[in-house]
Structures are given as structure tokens and as C-alpha cells.
Amino acid sequence: MTVDETRSGADAGIGDGGSAGTPSDPPTSAYPTPHHAVDHTAEPTDDPLAIRLEQLILGADRRYTPFQAARTAGVSMELASRFWRAMGFADIGQAKALTEADVLALRRLAGLVEAGLLSEPMAVQVARSTGQTTARLAEWQIDSFLEGLTEPPEPGMTRTEVTYPLVELLLPELQEFLVYVWRRQLAAATGRVVQAADDEEMVDRRLAVGFADLVGFTRLTRRLEEEELGELVEAFETTAADLVAAHGGRLIKTLGDEVLFAADDAGTAAEISLRLIETMAGDETMPALRVGIAFGTVTTRMGDVFGTTVNLASRLTSIAPKDAVLVDGAFAEELARTGDAPVSEAQAAEDAAAAEKEGEEPPAYRFALQPMWQRPVRGLGVVEPWLLHRREA
């Protein structure tokens with residue numbers, strides 16, 4: 001699986017119902033940024049319990065149609081539709097389904113644009129990135145978290161009868177926790193950016209990017225039951241996320257049988273990749289793992305990473321042997337430059353002999369690099385991969 005194959009979807013907006021008095025939206029092609037698919041024909045539910053839960057979660061009653069909400073917020077219907085579409089909200093035509101919070105959100109985004117703090121395209125990006133992230137979080141919480149907690153405690157009770165009081169208790173705590181985690185992550189991301197060498201590097205940065213891929217996953221999907229497969233994927237993603245975070249990397253995204261991570265320096269990425277291999281190899285329930293890493297300029301957008309470096313890391317993963325790590329030449333050079341690996345074993349022997357002659361300790365290299373045969377890589381020409389492993393004392 002490559003990074004290019006994971007980005008697909010379609011935009012939808014609350015105000016795209018085409019009712020009278022609603023200006024038509026710009027063509028979709030004007031806003032080509034991929035984004036998660038939503039139901040374009042969704043209508044607000046009339047189920048009494050669903051409405052009660054919605055009021056509990058949103059903290060307000062339905063009051064406005066999309067057109068009324070845009071007019072009350074002082075925002076054009078065209079801009080409001082762009083914001084709603086970016087946030088992933090389904091098309092509800094002109095049903096009365098919006099609240100004061102929807103009006104306030106429009107005012108805030110439009111106010112940032114009017115004040116010159118954000119450009120209009122940037123405000124749409126803010127809406128899209130927030131919508132994508134929170135949509136995935138909400139789906140996970142409902143599918144996994146609440147599903148397990150709302151098992152009826154007594155015979156005769158339904159799941160829906162348990163859901164309302166549970167949500168009522170959890171909602172304020174989860175909200176506070178979400179804001180806390182977001183602030184911590186924002187502080188960490190801001191710190192990384194302001195330490196960049198120059199303004200250009202703040203946008204297009206040099207990073208180590210790695211993919212870790214489960215070997216033979218397609219065969220497993222045919223052999224395992226769905227529940228077993230889900231448990232295996234969850235265990236893999238959890239283990240990978242914990243290891244990446246613990247050793248100073250950043251998990252960019254998970255793709256089921258593959259994870260994408262990044263690190264500011266090659267040494268950190270090397271440690272993460274070898275720890276992943278070692279940990280998975282020690283778990284008999286897990287298939288073999290392979291990792292590919294590349295080092296170079298990376299473009300970051302909306303929490304994702306793009307560019308030739310990312311594509312190269314993906315290609316290296318696809319040709320890596322099982323339980324092994326392949327890296328590109330730039331990554332190998334970076335490890336040598338920082339003293340984490342010798343340029344060659346011959347050079348390491350010379351350095352050790354020189355140190356011994358002077359009565360000094362020899363260089364303590366953490367990693368070793370073994371050059372592999374040059375080979376063509378689809379779309380990237382001929383590359384010379386290196387096999388990364390720990391260096392024995």
C-alpha cells in the first residue's frame with residue numbers, strides 16, 4: 001500500500017440543498033483537497049431519543065435552517081457552505097436543524113478572515129482539518145468505546161436506554177480531556193516549528209519518514225475471522241503508536257496493515273524502526289514486519305506529509321525483506337554525519353585502531369549499515385538501499 005492510495009473522498013456541505021434563495025456553490029473542482037466521504041442526502045432524524053441525545057451533546061435546540069444560520073451570522077451562504085462542506089457536514093437542504101453554536105462557529109471563522117488573521121483558503125483548511133480529525137475520533141468513540149460500555153446491565157433494558165445517562169456523564173469529562181490533549185499536541189508542534197533553521201524550513205522541512213508494513217496481510221484477511229482481524233490490526237496500531245511516541249517520533253497515520261511515522265532526526269527514526277521489528281518479532285500472534293525509511297525534504301499539510309521522500313519510503317517498504325529495515329542513501333549519510341553509524345565497517349575498524357593507539361575509547365556507534373544492490377524503483381529511478389541493523393559491541 002502506498003501513501004497515494006490512501007487519499008480519497010468527496011466534499012459535502014449543509015447548505016448544498018439548492019433551495020430558493022441559496023446561491024449555488026462553486027464547482028467542486030475549485031476545491032480539490034481530498035476529504036472523508038459523507039452522506040450527501042442525509043436528513044435530520046425525527047427519532048425522539050436521537051433528538052434528545054443531539055440536544056444533550058450540542059447543548060442547544062434546533063433553531064435555524066442553513067440559510068437562516070448564515071444570515072444570522074452575517075456570512076454569505078456561499079462561504080457558509082464552503083465551511084460546512086470542509087467540516088464534513090452532510091447536505092440537509094434547508095431543514096431546520098442548526099443551533100446557536102453553528103451560528104457562533106460561522107461568526108468565528110468569518111471573523112478571523114475579516115480581521116486578516118487567516119486568509120479565506122486558510123480558514124477553509126482549518127475547518128477541513130478539524131472536521132476530518134474529529135470525525136474519525138467520534139466514529140471510533142461510538143463504534144468501539146460506547147458500544148462496549150452500553151451493554152444493558154439488566155435483562156429487558158435496551159442499549160438506547162443506557163446510552164443517554166452514560167453520554168450525560170461522560171460528555172463533560174471527554175470534552176475537557178480532548179481540549180487538554182489538543183493543547184499539549186499544539187504546544188509540541190509549535191515548538192518543533194519555531195526551532196526550524198529558517199522560514200523556508202518551517203513549511204518544507206527535512207525529516208526522516210518511515211512506513212512499517214505487516215507482511216502477508218492480504219493472506220491473513222482470507223484466513224482470519226473479521227473479529228480476529230480487527231483485534232490484530234488494533235494491537236498492531238496500538239503497539240506502533242506507543243513505540244513511536246515513546247522514542248520521540250510522531251505517528252502520522254495508520255492504514256490498517258501499515259503505519260506512517262516521522263522523526264526530526266535519523267537516529268530517532270532508526271531506533272523506532274528497529275524497536276518495531278524487535279517488538280513484533282517477539283509476539284507470536286503477529287505476522288512479520290518490514291520497514292522502509294527515507295530522509296529529505298517533506299511538505300506537511302493538515303497533519304499529513306507529502307513529497308518524493310514519502311514516496312521513496314513507501315517504495316523501500318515494499319521491497320524490504322521481512323523483519324528488516326531498508327533506508328535510502330540520504331538517511332545513511334545522515335546517520336554517518338551524526339555519528340550514529342560508521343561510514344563503513346572498514347572506517348569503523350580504522351577509527352577503533354586509531355583510538356586504541358591513542359589510549360582512547362573507540363567511537364560508540366549505535367547502528368550499522370549494509371549496502372544492498374542498486375535497483376530500479378517505480379517512479380523514482382535507480383536507488384541504492386541500505387540494510388539497517390543494530391551494531392554489536
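Residues numbered from 1 in each chain as written. Predicted model: local features only at pLDDT ≥ 70, side-chain atom pairs only at ≥ 80, totals over all residues. Heavy atoms only, no water.

Caption draft 1: Summary view of the overall build of the chain. Of the regular secondary structure elements, the chain holds 13 helices and 10 strands. Counting only contacts in the chain whose residues sit at least 6 apart along the sequence, the fraction spanning at least 24 positions is 70%. (Helix = DSSP H or I, 4+ residues; strand = E, 2+ residues; numbered from the N terminus. Contact = heavy atoms within 4.5 Å.)

Caption draft 2: Structural view of helix α1 (residues 48-58). Those residues of α1 that sit buried are Leu-49, Leu-53 and Leu-56. Projection of α1 onto a plane perpendicular to its axis shows the buried side chains occupying an angular sector of 60 degrees, all on one side. Where α1 terminates, the next one or two residues include Gly-59, which has phi positive at roughly 75 degrees. (Buried < 20%, exposed > 50% of the residue type's maximum accessible area, 1.4 Å probe, protein only. Arc of directions from axis to C-beta.)

Caption draft 3: A negative patch on the surface, seen in detail. Together, Glu-225, Glu-226, Glu-227, Glu-228, Glu-231 and Glu-234 give the surface a local cluster of negative charge. Following the sequence through the fold, Glu-228 ends up in helix α9 (residues 226-246). For Glu-228, a relative accessible area of 41% puts it in the partly exposed group. (Patch = residues over 30% accessible without salt bridge, like charges linked within 9 Å, V, L, I, M, F, W, Y side chains within 5 Å. Areas by Shrake-Rupley, 256 points an atom, 1.4 Å probe, with all protein chains shown as cover. Salt bridge = Lys/Arg side-chain N within 4 Å of Asp/Glu carboxyl O. Lys, Arg positive; Asp, Glu negative; His and termini not counted. Charge placed at Lys NZ, Arg CZ, Asp CG, Glu CD.)

Caption draft 4: Local environment of a nonpolar patch on the surface. A contiguous nonpolar patch, built from Leu-137, Trp-140 and Leu-178 and spanning about 280 Å² of accessible area, is present on the exposed surface. The topology assignment puts Trp-140 in helix α5 (residues 120-149).

Caption draft 5: Region of the structure containing the packing of aromatic side chains. Summed over the entire model, instances satisfying the criterion amount to 1 aromatic pair. Measuring from ring centre to ring centre gives 6.0 Å for Phe-177 and Tyr-180, while their planes differ by 40 degrees; the resulting arrangement is tilted. Placement of both Phe-177 and Tyr-180 in helix α6 (residues 159-194) is noted, with a separation of 3 residues, approximately one turn of the helix. Since its relative accessible area comes to 51%, Phe-177 is described here as exposed. Just above the ring of Tyr-164 sits the side chain of Arg-52; from NZ or CZ to the centre is 4.1 Å. (Phe/Tyr/Trp six-rings, centres within 6.5 Å; stacked < 30°, edge-to-face > 60°. Lys NZ or Arg CZ within 6 Å of the ring centre and 35° of its normal.)

Caption draft 6: Up close: helix α3 (residues 77-87). Of all 11 residues making up α3, 10 are buried, and the element is well covered by its neighbours. Looking only at α3, the buried set comprises Met-77, Leu-79, Ala-80, Ser-81, Arg-82, Phe-83, Trp-84, Arg-85, Ala-86 and Met-87. The positive-phi residue at the C-terminal boundary of α3 is Gly-88, with phi of around 85 degrees.

Caption draft 7: A look at the nonpolar core. One finds Leu-289, Phe-331, Leu-335 and Leu-388 to be the most contacted residues of the largest nonpolar core, which totals 38 residues. Top element by residues in this core is helix α10 (residues 266-281). It accounts for 8 residues. Excluding anything up to four places from it in sequence, Leu-388 contacts Ala-270, Ser-273, Leu-274, Val-325, Val-327, Leu-335, Phe-367, Ala-368 and Leu-369. Core analysis: the next-biggest nonpolar cluster, separate from the first, contains 22 residues, Met-87, Ala-97, Leu-109 and Ala-123 among them. (Core = buried A, V, L, I, M, F, W, Y, C linked by side-chain atoms within 4.5 Å.)

Caption draft 8: Local environment of the pattern of salt bridges. The tally for this structure, following the rule as stated, stands at 12 salt bridges. Here Glu-100 ties to Arg-63 by a salt bridge, and the two come within 2.5 Å at their closest N and O atoms. One end of the pair, Glu-100, is in helix α4 (residues 100-114); the other, Arg-63, is in the loop between α1 and α2 (66-73), and 37 residues separate them in sequence. Looking at Arg-63, the relative accessible area reads 47%, which means it is partly exposed. Asp-340 is paired through a salt bridge with Arg-366; the nearest N and O atoms lie 3.1 Å apart. One end of the pair, Asp-340, is in the loop between α12 (329-337) and α13 (345-357); the other, Arg-366, is in the loop between α13 and β7 (367-371), and 26 residues separate them in sequence. Under the relative-accessibility criterion, Arg-366 is labelled partly exposed at 38%. What emerges from the salt-bridge pattern is a single network uniting Glu-271, Arg-275, Glu-278, Asp-340, Arg-366 and Arg-390.

Caption draft 9: Quick look at the environment of Phe-83. In this structure, Phe-83 sits in helix α3. On the basis of relative accessible area, Phe-83 is assigned to the buried category, the value being 0%. Placed 22 residues apart in sequence, Phe-83 and Ala-105 show a C-alpha to C-alpha distance of 9.6 Å. Excluding residues that lie within four positions of it along the chain, Phe-83 makes contacts with Leu-106, Leu-109, Ala-110, Ala-123, Val-124 and Ala-127.

Caption draft 10: Focus on unusual backbone geometry. Of note, Asp-323 is a non-glycine position whose phi angle comes to about 55 degrees, a positive value. Note on placement: Asp-323 falls in the loop between α11 (308-319) and β6 (324-327).

Caption draft 11: Examining the confidence of the model for the chain more closely. When pLDDT is averaged along the chain, the result is 81; 82% of the residues meet or exceed 70. Averaged over each element, pLDDT in the chain is lowest for helix α7 (residues 199-203) (52) and highest for β6 (96). Of the regions scoring below 50 in pLDDT, residues 1-13 engages in 47 contacts with residues more than four places distant in sequence or in other chains. (pLDDT = per-residue confidence, 0-100.)

Caption draft 12: Region of interest: the layout of surface pockets. Approximately 180 Å³ is the volume found for the second largest pocket. Along its surface, the second largest pocket is lined by 10 residues, and Val-244, Ala-245, Gly-249, Arg-250 and Leu-251 are the ones closest to its centre. Sorting the residues of the lining of the second largest pocket by element identifies α9 and β2 (250-254) as the ones contributing at least two each. Looking at which element gives the most residues to the lining of the second largest pocket, the answer is α9, with 4 residues. Across the lining of the second largest pocket, the residue classes tally to 4 nonpolar, 2 polar and 4 charged. (1 Å grid on protein atoms, 1.4 Å probe; cavity = no way out; pocket = protein on both sides within 12 Å on 5 of 7 lines; lining within 4 Å. Points joined across faces, edges and corners; volume = space filled by probe spheres on them. Nonpolar A, V, L, I, M, F, W, Y, C, P; charged D, E, K, R; others polar.)

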